[in-house]
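So the chains spell out like this:
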Amino acid sequence: MQPLPQDAGSASRVCLRADRWDGAGSAGSAATAVLLPGSGRPQRTGGGSGRTCSRFERDTVSWAWWRSPRGSEFLLAAGSRWVTRLAVKGTDWSADRSTPDRTLAVERPARAAVQVEALLDNGTRISPAH
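Notes on the structure follow.

What counts, and at which threshold
- Residues numbered from 1 in each chain as written.
- Predicted model: local features only at pLDDT ≥ 70, side-chain atom pairs only at ≥ 80, totals over all residues.
- Heavy atoms only, no water.
- Helix = DSSP H or I, 4+ residues; strand = E, 2+ residues; numbered from the N terminus.
- Rg over C-alpha atoms; globule rule 2.2 N^0.38 Å.
- Buried < 20%, exposed > 50% of the residue type's maximum accessible area, 1.4 Å probe, protein only.
- Contact = heavy atoms within 4.5 Å.
- Areas by Shrake-Rupley, 256 points an atom, 1.4 Å probe, with all protein chains shown as cover.
- Lys, Arg positive; Asp, Glu negative; His and termini not counted.
- Charge placed at Lys NZ, Arg CZ, Asp CG, Glu CD.
- Pairing = 2+ DSSP bridges.
- Core = buried A, V, L, I, M, F, W, Y, C linked by side-chain atoms within 4.5 Å.
- Disulfide = S-S within 2.5 Å.

## Describing the overall build of the protein
Part 1 of the reasoning: A tally of helices and strands in the protein yields zero helices and eleven strands.
Part 2 of the reasoning: When the helices and strands of the protein are read in sequence order from the N terminus, they spell out β-β-β-β-β-β-β-β-β-β-β.
Part 3 of the reasoning: Expected size for 130 residues packed as a compact globule is a radius of gyration near 14 Å; at 15 Å, the protein falls within 12% of this value.
Part 4 of the reasoning: C-alpha atoms of the protein, sized along the principal axes, occupy 50 × 35 × 25 Å.
Part 5 of the reasoning: Taken across its 130 residues, the protein has 40% of its residues classed as buried.
Part 6 of the reasoning: Here the analysis covers contacts within the protein between residues at least 6 apart in sequence; of these, 43% occur between residues at least 24 apart.
Part 7 of the reasoning: For the protein, the accessible area works out to roughly 7900 Å², and carbon and sulfur atoms hold 48% of it.
Part 8 of the reasoning: Side chains of the protein carry 18 positive and 12 negative charges; the gap between the two charge centres is 3 Å.

## Some words on unusual backbone geometry
Part 1 of the reasoning: Even without a glycine there, the phi angle at Gln6 is positive, about 60°.
Part 2 of the reasoning: You can see Gln6 is positioned in the loop between strand S1 (2–3) and strand S2 (10–18).
Part 3 of the reasoning: Given the relative accessible area of 24%, Gln6 is considered partly exposed.

## Topic: the pairing of strand S5 (residues 61–67)
Part 1 of the reasoning: Burial analysis of S5 places five of its seven residues in the buried class, the great majority of the element.
Part 2 of the reasoning: With seven bridges connecting them, S5 and strand S6 (residues 73–79) associate as antiparallel partners. Bridge pairing in S6 links Trp65 to Leu75.

## Some remarks on the nonpolar core
Part 1 of the reasoning: If you look at the biggest cluster of nonpolar residues, it comprises 16 residues, and the most contacted ones within it are Ala77, Leu86 and Val88.
Part 2 of the reasoning: Not counting residues within four places of it along the chain, the set of residues in contact with Ala77 comprises Gln2, Arg13, Ser62, Trp63, Leu86, Val88, Arg102, Thr103, Leu104 and Val116.
Part 3 of the reasoning: Counting residues in hydrophobic clusters, the runner-up holds nine residues, among them Val34, Leu36, Phe74 and Leu76.

## Points about the state of the cysteines
Part 1 of the reasoning: All chains considered together, the criterion is met by one disulfide.
Part 2 of the reasoning: With a sulfur-sulfur separation of 1.3 Å, Cys15 is cross-linked through a disulfide to Cys53. With Cys15 in strand S2 and Cys53 in the loop between strand S4 (43–49) and S5, the pair connects residues that are 38 residues apart, well separated along the chain.

By themselves these figures say nothing about function.
Here's what the structure looks like:
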């Protein structure tokens, strides 16, 4: 759960996994999603083929844009249990913070391309699944 700014409730995040057990050697696929208050359905935040969300690759980070009920735009980022720091970078701005609750909300005036990265407690850096 991620508490949202401006007392707007909280967001929930999930990581979904699909694997094939037919011996074809496929690594399977995964998708991350966020459920925001009032949206009624999950918003996909990333995914693709690989081992994400499995016992072999449990650590994840994801992000999404969110407009508060007051009209402010926020970039929301969240990571799995071993994430200790989240960093986001836009064209002309950045935020890099220690995150004890593994979440980050940064108010931005407009949506734009961003890069998101998480630091795990063992020093490993991870990026969102594409």
